[in-house]
Every structure is written in structure tokens, then in C-alpha cells.
Amino acid sequence: MKIDWKEFLDKTITVTMKENYGVVYNGKSNDQPAFYEIVFKTGKLEKVFDDGLLLSAERDEQKYKIFIPYESIKCVEIF
């Protein structure tokens, strides 16, 4: 069964990710980067593409666009 994601445009969604990892550098050249598992992403569903979803979110007074490929999605909560 396929979901018509366009039905949920402008809704807030939380996507639980499959195993994906990010890296954070603290800016000091001699420090090792910290790797962490990306568990979920939350934002407003802005656009739907053939290969994934585009969310918009705001954190620390900055706006972000988050593209999530369908194959990275484990579960979605829609609010």
C-alpha cells in the first residue's frame, strides 16, 4: 500500500529513522569528531518528491530544510 503524502502537507510529522549516523565537529582541529545515531526528525511536511519528503523546521532561531529519502524512514507520526 502506498501513502498519498500530499494529503499531509503542512502537517507536523516526526520521522523515526532507520540506522543513520551523523557527525559533529566542535571546531578544534585536534579533537576527534563525535558520531551519533540520528533517531528522529521533526518538522512540517513541506514538499513530497518521488524519492523522499522535505520537512521544514526551526531550531535556535534558524530555519532548516530536511530531506528524508523514503528508504531511511522506519516510522512516521503525523500531528
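Here, every reference points to the structure presented above.
Keep in mind that this is a model prediction, so the values were computed, not measured.

Cut-offs used in this document
Counting from 1, residues in each chain are numbered in the order their sequence is written. Selection of residues for local features in this predicted model requires a pLDDT of at least 70, selection of side-chain atom pairs for listing and counting requires 80 or more, and totals for whole chains, interfaces and linings are taken over all residues. The side-chain quantities take in all heavy atoms of the structure and omit both hydrogens and water. Starting at the N terminus, helices and strands are each numbered in turn, a helix being any DSSP run of H or I of at least four residues and a strand any DSSP run of E of at least two. Exposure classes here rest on a 1.4 Å probe applied to the protein chains alone. A residue is buried below 20% of its type maximum, exposed above 50%, and partly exposed in between. The contact criterion used throughout is that any non-hydrogen atoms of two residues lie within 4.5 Å. Any two strands between which DSSP finds at least two bridges are classified as paired. Interaxial angles span 0 to 180 degrees and are taken between N-to-C directions of axes, which are lines fitted to C-alpha atoms, for helices over the stretch in contact. In the sections that follow, a salt bridge refers to a side-chain nitrogen of Lys or Arg positioned within 4 Å of a carboxyl oxygen of Asp or Glu.

A.B. asks: What is the right way to read the environment of Thr16 from this model?
C.D. replies: Along the chain, Thr16 turns up in strand β1 (residues 12–17). Separated by 20 residues in the primary sequence, Thr16 and Tyr36 place their C-alpha atoms 15 Å from one another.

A.B. asks: Would you mind showing me how to read the environment of Phe67 here?
C.D. replies: By the element assignment, Phe67 lies in strand β6 (residues 62–69). Its relative accessible area of 39% is what places Phe67 among the partly exposed residues. Once you skip the residues sitting within four places of it in the chain, Phe67 turns out to touch Phe49, Asp51, Gly52, Leu53 and Leu54.

A.B. asks: I tried to follow the sheet that holds strand β7 (residues 73–78) on my own but got confused; where do I start?
C.D. replies: In a beta sheet, neighbouring strands pair by backbone hydrogen bonds and run either parallel or antiparallel. An order of β6-β5-β4-β1-β7 is seen for the five strands of this open sheet, with the pairing classed as antiparallel. The strands lining the two open edges of the sheet, one partner per strand, are β6 and β7. Each strand of the sheet is rotated relative to its neighbour by a mean of 40 degrees, with strand direction disregarded. Strand direction decides the pairing type here: strand β5 (residues 52–59) and β6, joined by eight bridges, are antiparallel. Its bridge partner lying in β6, Arg59 is registered against Gln62.

A.B. asks: Help me out: how do you make sense of the pattern of salt bridges in this one?
C.D. replies: Opposite charge on two side chains permits pairing when their charged atoms draw close. Scanning the entire structure with this criterion turns up one salt bridge. Here Glu46 makes a salt bridge to Lys65, at a shortest N to O gap of 2.7 Å. Of this pair, Glu46 sits in strand β4 (residues 40–48) while Lys65 is found in strand β6, placing the two residues 19 residues apart along the sequence. Judged by its relative accessible area of 29%, Glu46 falls in the partly exposed class. Among the residues examined, Lys65 registers a relative accessible area of 56% and is labelled exposed.

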